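What follows is the residue order along each chain.
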Amino acid sequence: MRVLLVILLFLGFTVSAFAVWDSKGYVMNYSHYLLKPTSAGWHISEGHKIYENLQMIGPTKEPSDYTPVYPTYVIGVSFNNGLSEAEAIYEYFDENFIKQGECYFEFHTRDYVWEPSFRNSHCTGPISLFTYHNMGGDRPDMYTYQLR
């Protein structure tokens, strides 16, 4: 019984000792539209904002063998009791600055439980949205929104 208790205490210590306490959101805009966050920016319902980019996001070049792709880093949230939740609305415009639609970005993660989720992330209009979650556990949660 004591051995089991010692093992459980050790595992609890190692999980908390090696956990990373933040989530990050990125946008890869492969469409030909310009994205602009609404004036409200990102809303954090759980956690604490550590970074927010409120600039317009232009098209991202397609990757090649010689040029790496760097997505636009849009939000960083530190965990609050192992939980982070963030959401934002971006409008997107054509080259004449005529609004074409909106994208709703949302993420939710619960550290230690491995519960990554983009929940209701979606776009209206001609853009297609693809979502990817990388890492977690002892590495930062990385949420990537890819627009085509």
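Just so we're clear, the structure is a prediction, and the values are computed from it rather than from any experiment.

This part is about the overall build of the protein chain. When helices and strands are counted, the protein chain shows one helix and 10 strands. The helix and strand sequence of the protein chain, counted from the amino end, reads α-β-β-β-β-β-β-β-β-β-β. Accessible area of the protein chain: about 8700 Å², with a carbon and sulfur share of 58%.

So, on to the nonpolar core. Grouped together as the largest cluster of nonpolar side chains are 22 residues, with contacts concentrated most on Trp42, Tyr90, Phe105, Phe107, Tyr145 and Leu147. Counting only elements with at least two residues in this core, the list comes to β5 (72-78), β6 (83-93), β7 (99-110) and β10 (139-147). When residues in this core are grouped by element, the largest group, four residues, is from β6. Those residues in contact with Phe105 that lie beyond four places of it in its chain are Val27, Leu35, Trp42, Ala86, Glu87, Ala88, Tyr90, Ser121, Leu129, Tyr145 and Leu147.

Right, let's talk about the confidence of the model for the protein chain for a bit. The predicted model of the protein chain averages 84 in pLDDT, with 82% of residues at 70 or higher. Note on residues 3-17: pLDDT under 50 across the span, and three contacts to partners over four residues away in sequence or across chains.

Take the side chain of Ser31 next. Within the secondary structure layout, Ser31 lies in the loop between β1 (22-29) and β2 (34-37). In terms of polar contacts, Ser31 uses its side chain to reach the backbone amide nitrogen of Tyr33, at 3.2 Å. Not counting chain neighbours up to four residues away, the residues in contact with Ser31 comprise Pro59, Ile127, Leu147 and Arg148.

Another aspect to go through is the state of the cysteines. Evaluated as defined, the whole model comprises one disulfide. At a sulfur-sulfur separation of 2.1 Å, the disulfide partner of Cys103 is Cys123. On the sign convention where negative means left-handed, the S-S torsion of about 110° between Cys103 and Cys123 marks this disulfide as right-handed. Remark: Cys123 occurs in strand β8 (residues 122-123) and Cys103 occurs in strand β7; sequence separation between them is 20 residues. Given a relative accessible area of 18%, Cys123 falls into the buried group.

A separate point is the pattern of salt bridges. Evaluation of the coordinates by the stated rule reveals five salt bridges. Between Lys24 and Asp22 there is a salt bridge whose closest N-O contact spans 2.5 Å. With relative accessibility at 12%, the residue Asp22 sits in the buried group. A network of salt bridges, in which partner residues are shared, links Glu91, Lys99 and Glu102.

All right, on to the pairing of β10 then. Within β10, seven of the nine residues are buried, leaving the element largely enclosed by the surrounding structure. Bridge count for β1 against β10 is seven bridges, and the pairing is parallel. Within β10, the position partnered with Lys24 by the bridge is Met142. Note that strand β9 (residues 129-136) and β10 share seven bridges and pair antiparallel.

Attention now goes to the pairing of β1. In terms of residue burial, β1 counts as a mostly covered element, since eight of its eight residues are buried. Burial along β1 is two-sided: the face carrying Asp22, Lys24, Tyr26 and Met28 and the face carrying Ser23, Gly25, Val27 and Asn29 are both buried.

Before going further, it helps to examine the side chain of Asp22. Within the secondary structure, Asp22 sits in strand β1. Within the local environment of Asp22, its side chain forms a polar contact with the side chain of Lys24, the two groups lying 2.5 Å apart. Among all residues touching Asp22, those that are not within four sequence positions of it are Ile50, Val77, Ser78, Phe79, Pro140 and Asp141.

The rules we used
- Residues numbered from 1 in each chain as written.
- Predicted model: local features only at pLDDT ≥ 70, side-chain atom pairs only at ≥ 80, totals over all residues.
- Heavy atoms only, no water.
- Helix = DSSP H or I, 4+ residues; strand = E, 2+ residues; numbered from the N terminus.
- Areas by Shrake-Rupley, 256 points an atom, 1.4 Å probe, with all protein chains shown as cover.
- Core = buried A, V, L, I, M, F, W, Y, C linked by side-chain atoms within 4.5 Å.
- Buried < 20%, exposed > 50% of the residue type's maximum accessible area, 1.4 Å probe, protein only.
- Contact = heavy atoms within 4.5 Å.
- pLDDT = per-residue confidence, 0-100.
- Polar contact = N/O pair within 3.5 Å; in protein donor to acceptor, adjacent residues only side chain to side chain.
- Disulfide = S-S within 2.5 Å.
- Salt bridge = Lys/Arg side-chain N within 4 Å of Asp/Glu carboxyl O.
- Pairing = 2+ DSSP bridges.

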